[in-house]
Amino acid sequence: MNASWLHRLCARHCLARIASVGLSLGLLLFGASAQASGQLAAQAAPIRFGILPIGSAAESLEQWRPLLEELQKRLGRRVTTVSVSSYAGLSGAIGAQRVDVAFLSGKLAVEAVIHQHMQVFAQFVRSDGARGNVAMLVVRGDSPIRSLAGLLANPGRWRYARSEQLSVTGYTAPEADVFAPHGLNSDTFFANVQVGDHQSNLLAVVNREADVASSNNPDMDLFRHNFPGEAAQLRVIWQSPLIPSGVLVVREGLATELRRQLTAFILTYGNAPGEAGARERGQLARIPDLGGFAPQNNRVLQPFVDMQYVLLRQEAEHGQWVSPQARLARLAEIDHDHQRDLQKLLPQ
């Protein structure tokens, strides 16, 4: 581990610590200078924007800051951010109605739409035009794990670094596509399981603190940018089919005109002609692999509902039950819940 790497790692963790302390105090406010100049409506409630962390909370906040400052100017209204260090933290803030607009991954968006009175209005478009990402399982280049078959052939031997269960690429996709079809559960298959953010999990593999980590292509790109030497030591042994990319959701109760203005800003951002458009695209490029936003609705979330359904059924079918009747009852419950969630997501 060289001094340069230690310096960058220290800087990154210091940023995360600063973010953690600041976030515990509540919302972070943009645009103090604009406030002071009287350009914002002092009596209007702020727009509260939730940011799903890619990398650390501090990195995500800095990546979104220029875009949100421009949104504040366009609306003539304060924009505050709810930037958290975990998926569960953001879900809790949405459930407590402390968020008006949010950038979410698919599984978190399903929870927000079905249970927390949010609606999808836009989807991320990657810089290459794709509207999706892939989940990955990653090992060191010198690892004895040479393939997915080699990983699965040795239960109880390897150490796993994954994301929390609300993460699609960091938990659900590998579980549904790799482990459950073989009658396996990652929590019992591995000798040890540690849960962290994507960047920390990749570092754990580099540092030989874990043998395999779950990740995705945006976080791998960010890791290559932050730690190019360390990224060169990693090797992908599995990747999923394309998974629909993250979405923006808005609170159902947001005033109609404000919602219209917000939606118009987001969907046209980066499309202006000339220097203005170039500047906007530069701001978008600060957010990993983001090329722009496309209009979208709740229907884009159906693949995530279906993925969770497949995972739950596989777990029930391979599980141990006290009786055949108990197994059938669980399968019937899973089928019922799936149909209920689809009806909420895709109203007739």
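Structure first, text after, so check above.
Residues numbered from 1 in each chain as written. Predicted model: local features only at pLDDT ≥ 70, side-chain atom pairs only at ≥ 80, totals over all residues. Heavy atoms only, no water.

**Q** Any chance you could break down the overall build of the chain for me, citing the residues and the numbers?
**A** Counting its regular elements, the chain contains 15 helices and 14 strands. The 348 residues of the chain split such that 51% are buried. Restricting to contacts in the chain with at least 6 residues of sequence separation, those with at least 24 account for 76%. With an accessible surface of roughly 15600 Å², the chain has 52% of that area assigned to carbon and sulfur atoms. (Helix = DSSP H or I, 4+ residues; strand = E, 2+ residues; numbered from the N terminus. Buried < 20%, exposed > 50% of the residue type's maximum accessible area, 1.4 Å probe, protein only. Contact = heavy atoms within 4.5 Å. Areas by Shrake-Rupley, 256 points an atom, 1.4 Å probe, with all protein chains shown as cover.)

**Q** Residue-level account of the pattern of salt bridges, with values.
**A** In this structure the tally under the stated criterion is 16 salt bridges. The partner of Asp-211 in a salt bridge is Arg-159, with the nearest N and O atoms 3.2 Å apart. With Asp-211 in the loop between helix H9 (198-206) and strand S10 (212-216) and Arg-159 in strand S8 (residues 159-162), the pair connects residues that are 52 residues apart, well separated along the chain. (Salt bridge = Lys/Arg side-chain N within 4 Å of Asp/Glu carboxyl O.)

**Q** Pulling in residues and values, what's your account of the environment of Trp-158?
**A** Take Trp-158: it is sitting in the loop between helix H6 (148-152) and S8. According to the relative accessible area criterion, Trp-158 is buried, its value standing at 5%. Expressed as a C-alpha distance, the spacing of Trp-158 and Val-212, which sit 54 residues apart in the sequence, is 7.5 Å. With residues up to four places along the chain from it excluded, the contact list for Trp-158 reads Pro-144, Ile-145, Gly-150, Leu-151, Phe-190, Ala-191, Asn-192 and Asp-211. Only 3.3 Å separates the side chain of Trp-158 from the backbone oxygen of Leu-151, close enough to count as a polar contact. (Polar contact = N/O pair within 3.5 Å; in protein donor to acceptor, adjacent residues only side chain to side chain.)

**Q** Any chance you could break down the packing of helix H5 (residues 106-115) against helix H15 (residues 324-345) for me, citing the residues and the numbers?
**A** The packing of two helices is summarised by the inter-axis angle and the distance between the axes. Running from N to C, H5 and H15 cross one another at 75 degrees; their axes reach a closest spacing of 9 Å. Considering the angle they form, H5 stands roughly perpendicular to H15. For the pair H5 and H15, the contacting residues are Val-113, Ile-114 and His-115 in the first and Asp-341, Lys-344 and Leu-345 in the second. Of the residues in the contact of H5 with H15, the class split is 3 nonpolar, 1 polar and 2 charged. (Axes fitted to C-alpha atoms, helices over the stretch in contact; angles between N-to-C directions. Parallel < 35°, antiparallel > 145°, perpendicular 65-115°, else oblique. Nonpolar A, V, L, I, M, F, W, Y, C, P; charged D, E, K, R; others polar.)

**Q** Break down the packing of helix H3 (residues 57-75) against helix H13 (residues 274-285) for me, citing the residues and quoting the values.
**A** Orientation of H3 relative to H13, taken along the N-to-C sense of each, is 135 degrees, at an axis distance of 7 Å. When the interaxial angle is binned, H3 and H13 end up oblique. Between H3 and H13, the residues in contact are Gln-63, Pro-66, Leu-67, Glu-70 and Arg-74 and Arg-279, Glu-280, Gln-283 and Leu-284, respectively. By residue class, the composition of the contact of H3 with H13 is 3 nonpolar, 2 polar and 4 charged.

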